Amino acid sequence: DLLYSNILNTRPAQLSDWEFASPGKRWFDLAAVIAWHELSASATRWLLDAYLGRPMAREERSALARAVESFQALCTLWSVEPG
């Protein structure tokens, strides 16, 4: 997000989105890319194979599926109009 608080006073200026700037589970970051960009199943497999350098284990697929659901729920909350 291009907000004043996300602009770092450096030379050259840098941007940081502080909303998710914290240690977390890697599956959430991957889920955000997959869900936000609505990747197809084949594109998702390509991304994950490239990221992991191997096929995903069953537990990893389950963790990623939960992370995608969580990210989609978060997107739904973001879309709710206040008031």
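In this text, all values refer to a predicted model and were calculated from it rather than measured experimentally. (Residues numbered from 1 in each chain as written. Predicted model: local features only at pLDDT ≥ 70, side-chain atom pairs only at ≥ 80, totals over all residues. Heavy atoms only, no water.)

## So, the overall build of the protein
A tally of helices and strands in the protein yields 3 helices and 2 strands. When its helices and strands are written in sequence order, the protein yields β-β-α-α-α. In terms of C-alpha radius of gyration, the protein reaches 16 Å, well past the compact-globule figure of 12 Å for 83 residues. For the protein, the spread of C-alpha atoms along the three principal axes comes to 40 × 40 × 25 Å. Among the 83 residues that make up the protein, the fraction classed as buried is 20%. As displayed, the protein offers around 6,700 Å² of accessible surface, 58% of which is attributable to carbon and sulfur atoms. Each charge class in the protein can be summarised by its mean position, and for the 8 positive and 10 negative side chains these summaries are 11 Å apart. (Helix = DSSP H or I, 4+ residues; strand = E, 2+ residues; numbered from the N terminus. Rg over C-alpha atoms; globule rule 2.2 N^0.38 Å. Buried < 20%, exposed > 50% of the residue type's maximum accessible area, 1.4 Å probe, protein only. Areas by Shrake-Rupley, 256 points an atom, 1.4 Å probe, with all protein chains shown as cover. Lys, Arg positive; Asp, Glu negative; His and termini not counted. Charge placed at Lys NZ, Arg CZ, Asp CG, Glu CD.)

## Some thoughts on unusual backbone geometry
Cis geometry marks the peptide bond from Arg11 to Pro12; its omega dihedral reads -5°. Summarising the element assignment, Pro12 is placed in the loop between strand 1 (7-8) and strand 2 (14-15). The phi dihedral of Glu38 falls on the positive side, at around 50°, and the residue is not glycine. Locating Glu38 in the fold gives a position in the loop between helix 1 (26-36) and helix 2 (41-52). The exposure class of Glu38 is exposed, given its relative accessible area of 68%.

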